[in-house]
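# Structural description and commentary
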Amino acid sequence: MTAETQNTAPTTLPLVPGRWTFDPLHSSVGFTIRHLGISKVRGRFNDFTTELVVGDTLEDSSITATVRLASIDTGNADRDAHVRAADLLDVEKRPTMAFRSTRIAGAGEDWTLEGELTIGDVTRPVTFDVEFGGVVDVPVDGSRHAGFDATGEFRRSDFGLDFAPGFLGDVIKVGLEIQFVEPK
């Protein structure tokens, strides 16, 4: 990045300031993990929430998210029950996965979101690549929606989730598709 680029980098998000409302009906949190090193298991979490606060500057803006780990859904109820159990994910001990942003940077459609991911009692840094889909007026009710796609990955062993080595890969790839509604 050149000094000229640094000086022209935006200092605000392309959104009006305020607390944007999470739209759960048009949002999802998915993941993939390698199984036996030869294929991927895909899944999603059905219970999550996120909050976007847009400040006057990027430094004043923040994103938080909380995922209920018991809401895991891989399309196989028996597998999901086993993953929730004490010998694997242990959702009694680790009920949530939480994210808190520490830095937002970018411009146009391409942004980077840095933050801290907490699973159980372990917190580690994580970075997401974010594609800003834009803002549109919804004709039905006149509300304005903003859309984002975010992708990132982390090593489950960094969070003490080192069960089933050889069966499950260490890297978990996460994909989020999130919509927010503009504050009134």
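Residues numbered from 1 in each chain as written. Predicted model: local features only at pLDDT ≥ 70, side-chain atom pairs only at ≥ 80, totals over all residues. Heavy atoms only, no water.

All right, on to the overall build of the protein chain then. On a plain count of helices and strands, the protein chain comes out with 2 helices and 11 strands. The order of α-helices and β-strands along the protein chain, N terminus first, is α-β-β-β-β-β-β-α-β-β-β-β-β. Relative to a compact globule of 184 residues, whose C-alpha radius of gyration would be 16 Å, the protein chain shows 18 Å and is just as compact. In terms of its C-alpha atoms, the protein chain occupies a principal-axis envelope of roughly 50 × 45 × 30 Å. Within the protein chain, the fraction of its 184 residues that count as buried is 39%. Considering only residue pairs separated by 6 or more positions, the protein chain has 55% of its internal contacts joining residues 24 or more positions apart. With 18 positive and 29 negative side-chain charges, the protein chain shows a separation of 6 Å between the mean positions of the two kinds. (Helix = DSSP H or I, 4+ residues; strand = E, 2+ residues; numbered from the N terminus. Rg over C-alpha atoms; globule rule 2.2 N^0.38 Å. Buried < 20%, exposed > 50% of the residue type's maximum accessible area, 1.4 Å probe, protein only. Contact = heavy atoms within 4.5 Å. Lys, Arg positive; Asp, Glu negative; His and termini not counted. Charge placed at Lys NZ, Arg CZ, Asp CG, Glu CD.)

Of note, Leu 36 is a non-glycine position whose phi angle comes to about 60°, a positive value. The topology assignment puts Leu 36 in the loop between strand E2 (28–35) and strand E3 (39–45). Looking at Leu 36, the relative accessible area reads 41%, which means it is partly exposed. Phi angles above zero are rare outside glycine, and Asp 90 is one such case at about 55°.

Attention now moves to the confidence of the model for the protein chain. On average, residues of the protein chain score 90 in pLDDT, and 93% of them are at 70 or above. Across the protein chain, element-level confidence peaks in strand E5 (residues 62–68) with a mean pLDDT of 96 and bottoms out in helix H1 (residues 3–8) with 45. Contacts for the low-pLDDT stretch residues 1–7, under 50 throughout, to residues beyond four places or in other chains number 1 contact. (pLDDT = per-residue confidence, 0-100.)

Residues Glu 109, Asp 110, Asp 129, Glu 131, Asp 149 and Glu 177 make up a contiguous surface patch of negative charge. Along the chain, the position of Glu 177 falls in strand E11 (residues 168–181). (Patch = residues over 30% accessible without salt bridge, like charges linked within 9 Å, V, L, I, M, F, W, Y side chains within 5 Å. Areas by Shrake-Rupley, 256 points an atom, 1.4 Å probe, with all protein chains shown as cover. Salt bridge = Lys/Arg side-chain N within 4 Å of Asp/Glu carboxyl O.)

Attention now moves to a nonpolar patch on the surface. There is a patch of nonpolar side chains on the surface, built from Leu 36, Ile 38 and Phe 167 and spanning about 340 Å² of accessible area. Among the structural elements, Phe 167 can be located in the loop between strand E10 (144–155) and E11.

Within a regular strand, the side chains alternate between the two sheet faces. Residues Ile 63, Ala 65 and Val 67 line the buried face of E5, whereas the alternating positions Ser 62, Thr 64, Thr 66 and Arg 68 sit on a face that is not buried. Pairing of strand E4 (residues 48–54) with E5 involves 6 bridges; the strand directions are antiparallel. Along E5, the bridge assignment pairs Leu 52 with Ile 63. Sheet topology places E5 next to strand E7 (residues 96–107); 5 bridges connect them, and they run antiparallel. (Pairing = 2+ DSSP bridges.)

If a probe as big as a water molecule is rolled over the atoms, it shows which places are left empty. In the structure shown here, the tally under the stated rule is 1 cavity of 30 Å³ or more. By volume, the largest cavity amounts to about 480 Å³. As for the largest cavity, its lining consists of 30 residues, of which Ile 63, Phe 99, Leu 113, Ala 150 and Leu 176 are closest to the centre. Looking at the lining of the largest cavity, the elements with two or more residues in it are E4, E5, E7, strand E8 (110–119), strand E9 (122–137), E10 and E11. By residue class, the composition of the lining of the largest cavity is 26 nonpolar, 4 polar and no charged. (1 Å grid on protein atoms, 1.4 Å probe; cavity = no way out; pocket = protein on both sides within 12 Å on 5 of 7 lines; lining within 4 Å. Points joined across faces, edges and corners; volume = space filled by probe spheres on them. Nonpolar A, V, L, I, M, F, W, Y, C, P; charged D, E, K, R; others polar.)

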